[in-house]
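The chain contents come next:
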Amino acid sequence: DCPSSGRGMALYASCIILNKIISKELIHLQVQRSMQYCYPSVNRSCVKEMWASEVSVVLYTFSISAVLITVLGNLVVIVSFSHFKQLHTPSNLLVLSLAVADFFVGIFSMPLKLLAIIESCWYFGDMLCFIHIFISFLLTSVSLSNLVFIAVDRYVAVCDPLLYSAKITIPLVGIFILCSWVSSVVYTWAILYFKGMLFTYETENSCIGDCGVMYTELWTMVDLLATFILPCSVMICLYTKIFIVAKRHLKIINALSREMHRTQKNHSNISKRSEGKAAKTLGIVISVFLLCWVPYYFCIIINSYTMTVVPMEIFSIFTCIVYFNSGMNPIIYALFYPWFQKSLKLIITFKICSPASSLISMFAEKK
């Protein structure tokens, strides 16, 4: 207790100040004790985000489900295209390359990133942080370039079907795939070589347990053009052209069906189903691509060209959404085709283990 009167007034004032200092220190110690750190025994450790147990269960359940869907979905595509001889076509080789890239995203990139977000700590060291970011950047670039080549393939198939077999050959598709992987490696290496992005653990104010990157203004624009605006523009233009040509073919089929009175009803129903399926598939392709990538690049633009900084938690979530696009690709490019359901059934029932299973017809025979 501090004296409150007489010659102890000076002592009283000093005592009050001392009490305030002690109170602040006690509060600071209580806050420190209530905070959790990634590495409690290290002075420069990052602060660890604490979740309620129910929230942690939901986050881990959702993350494990997303990883399993990505890995298993793309694995089914890989096994199907690799095993069944009837599926060895140029178009399917592009989808196979896409599935391989997305499979490795699910195996390597997604688990580490989702774990780092939930725990808000990186427990695997700076070297693995560098490798993780490099491979993740490489695989997402490969996925994007494969999507563009798939769009080109489908454009030729729909808009120039008579010359498709002559133009799109297996050797040419092999060149497409090689260009996709090599260009992605070169592009990723160029960003690192020219210091286009800085790893957070290299900064002066970094803490131990952090793993992230920051782009420079120049490379933010370069990356925005190379991995979003150009691929997205090409895909939208090609798929729009495909849809227009498909509509034109529909009008021709309807015109011919009027001359064939006996089969008019059947042709009309088939045409309407084809039109609806094409419109639905193209809409899903473009919508999922944009929904997964727009928020991510929107955050990068804000961080690079404005005074506002997007919270790391929000940016990490949008980064994961980009990864989730790898789990959606097998659904978009495979599950909409009837042969995929047959292939999935043969894989689940282990009928692909039989010697002649690779020669099974994957398409329904026309009657």
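Nothing here was measured: the structure is a model prediction, and the numbers come from that model.

Comments concerning the overall build of the protein chain
Here is step 1: Each helix and strand counted, the protein chain has 10 helices and four strands in total.
Here is step 2: Reading the protein chain from its N terminus to its C terminus gives the helix and strand order α-β-β-α-α-α-α-α-β-β-α-α-α-α.
Here is step 3: The buried share among the 367 residues of the protein chain stands at 39%.
Here is step 4: Long-range pairs, those at least 24 residues apart, make up 72% of the contacts in the protein chain between residues at least 6 apart in sequence.
Here is step 5: For the protein chain, the exposed surface amounts to about 21500 Å²; the carbon and sulfur share of it is 69%.

Let's talk about the packing of aromatic side chains
Here is step 1: Per the counting criterion, the structure on display carries 16 aromatic pairs.
Here is step 2: Here phenylalanine 130 and phenylalanine 134 contribute two aromatic rings whose centre-to-centre distance is 6.5 Å and whose plane-to-plane angle is 15 degrees, an arrangement assigned as stacked. On the criterion of helical spacing, the pair formed by phenylalanine 130 and phenylalanine 134 is a turn pair, its members being four residues apart in helix 4 (residues 125-159).
Here is step 3: When its relative accessible area of 30% is taken as the criterion, phenylalanine 130 is described as partly exposed.
Here is step 4: Phenylalanine 134 gets classed as partly exposed once you look at its relative accessible area, which sits at 23%.
Here is step 5: On the numbers, 5.1 Å between centres and 80 degrees between planes, the contact of tyrosine 296 with tyrosine 297 is edge-to-face. This pair shows no difference in class: tyrosine 296 is buried, exactly as tyrosine 297 is.
Here is step 6: Among the aromatic residues, those joined into a ring-pair cluster are Phe228, Trp293, Tyr296, Tyr297 and Phe315.

Describing the UniProt feature "transmembrane region" (unreviewed entry) in the protein chain
Here is step 1: In the numbering used here, UniProt assigns the feature "transmembrane region" (unreviewed entry) to residues 57-81, 93-118, 130-152, 172-194, 224-244, 282-303 and 315-336.
Here is step 2: Within the segment residues 130-152, helix and strand shares are 100% and 0% respectively, and the terminal C-alpha atoms sit 33 Å apart.
Here is step 3: Helix makes up 100% of residues 224-244 and strand 0%, and the two end C-alpha atoms of the span are 28 Å apart.

Examining the pattern of salt bridges
Here is step 1: By the definition in use, this model includes two salt bridges.
Here is step 2: Across the pair glutamate 119 and lysine 48 runs a salt bridge, and its minimum N-O distance is 3.1 Å. Placement of the pair is glutamate 119 in helix 3 (residues 90-119) and lysine 48 in strand 2 (residues 47-48), with a sequence separation of 71 residues.
Here is step 3: Classification of glutamate 119 as buried rests on a relative accessible area of 17%.
Here is step 4: Residue lysine 48 is classed as partly exposed on the basis of its relative accessible area, which comes to 22%.

Overview of the state of the cysteines
Simply put, disulfide is the name for a covalent bond between the sulfur atoms of two cysteines.
Here is step 1: A complete count under the given rule lists three disulfides for this structure.
Here is step 2: Disulfide pairing places cysteine 129 opposite cysteine 211 at an S-S distance of 2.0 Å. What sets the handedness of the cysteine 129 and cysteine 211 disulfide is the S-S torsion sign, and at about 95 degrees it is right-handed. Taken together, the residues span a long stretch of sequence, with cysteine 129 in helix 4 and cysteine 211 in the loop between strand 3 (197-199) and strand 4 (213-215) at a distance of 82 residues.
Here is step 3: The buried category is assigned to cysteine 211, whose relative accessible area is 16%.
Here is step 4: A disulfide-free cysteine, cysteine 237 has its sulfur positioned 9.2 Å from the sulfur of cysteine 232, the nearest such atom.

A few points about the nonpolar core
Here is step 1: Membership of the largest hydrophobic core comes to 77 residues, with the highest contact counts inside it found for Met110, Met235, Trp293 and Tyr296.
Here is step 2: With residues up to four places along the chain from it excluded, the contact list for tryptophan 293 reads Thr140, Leu144, Phe228, Val322 and Asn325.

A short note on the packing of helix 2 (residues 53-83) against helix 10 (residues 338-348)
Two numbers describe a pair of packed helices, the interaxial angle and the distance between the axes.
Here is step 1: Where helix 2 contacts helix 10, the two axes come as close as 10 Å, and the packing angle between them is 95 degrees. Judged on the interaxial angle alone, helix 10 and helix 2 are roughly perpendicular. Facing Val76, Val77, Val79, Ser80 and Phe81 of helix 2, the residues of helix 10 in contact are Trp339, Phe340, Ser343, Leu344 and Ile347.

Considering the environment of isoleucine 69
Here is step 1: One can find isoleucine 69 in helix 2.
Here is step 2: Since its relative accessible area comes to 48%, isoleucine 69 is described here as partly exposed.
Here is step 3: Beyond its immediate chain neighbours, meaning those up to four positions away, isoleucine 69 contacts Asn74 and Gly327.

The rules behind each value
Throughout, residues of each chain are indexed from 1 in the direction in which the sequence is written. Local features in this predicted model are restricted to residues whose pLDDT is 70 or higher, and side-chain atom pairs enter the listing and the counts only when it is 80 or higher, whereas totals over whole chains, interfaces and linings include all residues. Excluded from the side-chain calculation are hydrogens and water; included are all heavy atoms of the structure. Secondary structure follows DSSP: runs of H or I at least 4 residues long count as helices, runs of E at least 2 residues long count as strands, and numbering of each begins at the N terminus. A 1.4 Å probe rolled over the protein chains alone gives each residue an accessible area, and that area as a share of the maximum for its type sets the label: buried under 20%, exposed over 50%, partly exposed in between. Two residues form a contact once any of their heavy atoms are found within 4.5 Å. Note on areas: Shrake-Rupley with a 1.4 Å probe; residue coverage comes only from the protein chains shown. When two rings of Phe, Tyr or Trp (its six-membered ring) have centres within 6.5 Å they constitute a pair, described as stacked for plane angles under 30 degrees, edge-to-face for angles over 60, and tilted for the intermediate range. UniProt positions are given in the numbering used here, feature names are shortened, and annotations may be inferred rather than shown by experiment. We count a salt bridge whenever a side-chain nitrogen from Lys or Arg sits within 4 Å of a carboxyl oxygen from Asp or Glu. Throughout, disulfides are identified as pairs of cysteine sulfur atoms within 2.5 Å of each other. Here, nonpolar core means buried Ala, Val, Leu, Ile, Met, Phe, Trp, Tyr and Cys residues that are tied together by side-chain atoms lying within 4.5 Å of each other. Orientation is described by axes fitted as lines to C-alpha atoms, over the contacting stretch for helices, and by angles from 0 to 180 degrees between their N-to-C directions. Orientation labels follow simple angle bins: below 35 degrees gives roughly parallel, above 145 gives roughly antiparallel, 65 to 115 gives roughly perpendicular, and whatever is left gives oblique.

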